[in-house]
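These are the residues of each chain, in order.
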Amino acid sequence: MNLSDRVVVVTGGASGIGRALARRFADEGARGVVVADLDGGGAQAVAEAIGDRALGIATDVAVEAQVADLVARAQEAFGPVDLFCANAGVAVGTDEAASDAEWDLALAVNVRAHVYAARALLPAWLERGEGYFLATASAAGLLTQIGSAPYAVSKHAAVAFAEWLTVTYGDRGIRVSCLCPMGVRTAMTEGDNLATDIVATAGAMLDPEEVAAVVVEGLHEERFLILPHPEVMTFLRRKVDDNERWLAGMRRLQARVRSD
């Protein structure tokens, strides 16, 4: 996909990976960049820094009506949406005892928001015979996330929905990519807990701008899996080739980090 003259929507765009994506897409020549975030002021600040080609919109992606309104406003401002980046995400809860509210939030933002976006976009995309959906999941969606059951489960579901989209609509012009990084220097990886300690141990911590560069390359090549940390594919192969051994290794990693 050539991003020049395209209309792009990025959720979770006020900070972190989303902000880096919005800026990079503008640098790549996008005609319109719509920055959406629960933090409306932050979204507007990112859009203002980009200039007249950008629009910041306060959006709660957990509410379907707001996602539909986001798509409609993007189309009104710049024309048909070419690329939708379902990037907003939350990391909440620890284990099975996480509250129902935490489970609901993880599933709403990390999964159902992708479904809401697809519902809003697919009718027009299928009519045009073209559209691109980028789902930000996580390496946790391919592997797991030690220390956070809601995050691991919801990110697995995000990957599964992206796979389903490309299988179901790939022959009708709908392109899909799934972004699955490990550690990235964002607010989500700050703090001192088992999940963030595991992330810091697993591999290099990347800057959001580094991730955005890999995303642009992946979109150009129309790859389904976009892996800023190439070693994730190695880990995934190990998981598939010998699942029992991989699970035992993950238990050892958890024990080692807990003992440090």
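As the structure is a prediction and not an experimental result, all values here were calculated from the model.

> Lay out the environment of Thr-59 with the relevant residues and their values.
Mapped onto the elements, Thr-59 comes out in the loop between β3 (54–58) and α3 (64–78). For the pair formed by Thr-59 and Asp-241, sequence separation is 182 residues and the distance between their alpha carbons is 41 Å. Each residue touching Thr-59, except ones within four places of it in the same chain, is listed here: Ala-36, Asp-37, Leu-38, Gln-66, Val-67 and Leu-70.

> Which residues make up unusual backbone geometry, and what values go with them?
Phi is positive for Asp-5, which is not a glycine, with a value near 65°. One can find Asp-5 in the segment before β1 (7–11). One non-glycine residue, Glu-222, lies in the positive phi region at around 55°. Examined against the element boundaries, Glu-222 turns out to sit in the loop between α8 (208–221) and β7 (225–226).

> Mind laying out the nonpolar core, listing which residues take part and the relevant values?
Counting residues in hydrophobic clusters, the biggest one holds 52 residues, and the most contacted among them are Val-81, Phe-84, Leu-121, Trp-125, Phe-133, Leu-142 and Leu-165. A total of nine residues in this core trace back to one element, the largest contributor, which is helix α4 (residues 100–128). In this structure Phe-133 touches Phe-84, Ala-86, His-114, Ala-117, Ala-118, Leu-121, Trp-125, Leu-165, Arg-175, Val-176 and Ser-177, once residues within four positions along its chain are discounted. Counting 32 residues, the second-largest nonpolar core is a separate cluster that includes Ala-20, Leu-83, Ala-212 and Leu-219.

> Go over the packing of aromatic side chains with me, naming the residues and quoting the values.
All told, the structure shown has three aromatic pairs when counted by the stated rule. Both rings, one in Phe-84 and one in Phe-133, keep their centres 6.1 Å apart while their planes meet at 15°; by these two values the pair is stacked. Separated by 49 residues along the polypeptide, Phe-84 in strand β4 (residues 83–86) and Phe-133 in strand β5 (residues 131–136) bring together distant segments of the chain. Residues Trp-164 and Tyr-169 carry aromatic rings whose centres are separated by 5.8 Å and whose planes lie at 85° to one another, so their mutual orientation is edge-to-face. Members of the aromatic cluster, connected to one another through ring pairs, are Phe-161, Trp-164 and Tyr-169.

> Describe the packing of α3 against α4, naming the residues involved and giving the relevant values.
Helix packing geometry: the angle between the two helix axes and the distance between the axes. Across the interface, α3 lies against α4 with an axial gap of 9 Å and an inter-helix angle of 40°. Classified by the interaxial angle, the pair formed by α3 and α4 is oblique. Regarding α3 and α4, the two cross each other, and that crossing is right-handed. Listed contacts from α4 to Glu-64, Val-67, Ala-68 and Val-71 of α3 are Tyr-116, Ala-117, Arg-119, Ala-120 and Leu-121. Grouping the amino acids of the contact of α3 with α4 by side-chain chemistry returns seven nonpolar, no polar and two charged.

> Account for the sheet that holds β4, with residues named and values stated.
Ordered by their spatial adjacency, seven strands build an open sheet running β3-β2-β1-β4-β5-β6-β7, and the pairing between neighbours is parallel. For this open sheet the edge positions go to β3 and β7, each flanked by a neighbour on one side alone. Pairing between strand β6 (residues 174–179) and β7: two bridges, direction parallel. The residue bridging Leu-179 from the neighbouring strand is Ile-226, located in β7. On top of the sheet, α4 reaches β4, β5 and β6; it is set at about 170° to β5, its chief contact.

> Would you mind going over the pattern of salt bridges in detail, with residue names and values included?
With the rule as written, the count across this model stands at 12 salt bridges. Arg-175 is paired through a salt bridge with Glu-222; the nearest N and O atoms lie 2.8 Å apart. Remark: Glu-222 occurs in the loop between α8 and β7 and Arg-175 occurs in strand β6; sequence separation between them is 47 residues. With a relative accessible area of 17%, Arg-175 lands in the buried category. Each of the salt bridges in this network shares a partner with another, and the network as a whole consists of Arg-6, Asp-82, Arg-128, Glu-130, Arg-175 and Glu-222.

> Can you break down α4 residue by residue, with the values?
Its 29 residues place the ends of α4 40 Å apart at the C-alpha level, agreeing with the 42 Å of an ideal helix rising 1.5 Å per residue. At Arg-112, α4 shows its strongest bend, of approximately 45°. Downstream of α4 by a residue or two, Gly-129 has a phi angle that is positive, lying close to 80°.

Conventions and cut-offs
Residues numbered from 1 in each chain as written. Predicted model: local features only at pLDDT ≥ 70, side-chain atom pairs only at ≥ 80, totals over all residues. Heavy atoms only, no water. Helix = DSSP H or I, 4+ residues; strand = E, 2+ residues; numbered from the N terminus. Contact = heavy atoms within 4.5 Å. Core = buried A, V, L, I, M, F, W, Y, C linked by side-chain atoms within 4.5 Å. Buried < 20%, exposed > 50% of the residue type's maximum accessible area, 1.4 Å probe, protein only. Phe/Tyr/Trp six-rings, centres within 6.5 Å; stacked < 30°, edge-to-face > 60°. Axes fitted to C-alpha atoms, helices over the stretch in contact; angles between N-to-C directions. Parallel < 35°, antiparallel > 145°, perpendicular 65-115°, else oblique. Left-handed = near helix turned anticlockwise from the far one by under 90°. Nonpolar A, V, L, I, M, F, W, Y, C, P; charged D, E, K, R; others polar. Pairing = 2+ DSSP bridges. Salt bridge = Lys/Arg side-chain N within 4 Å of Asp/Glu carboxyl O. Expected span 1.5 Å × (residues − 1). Bend = angle between axes of the 7 residues up to and from the residue.

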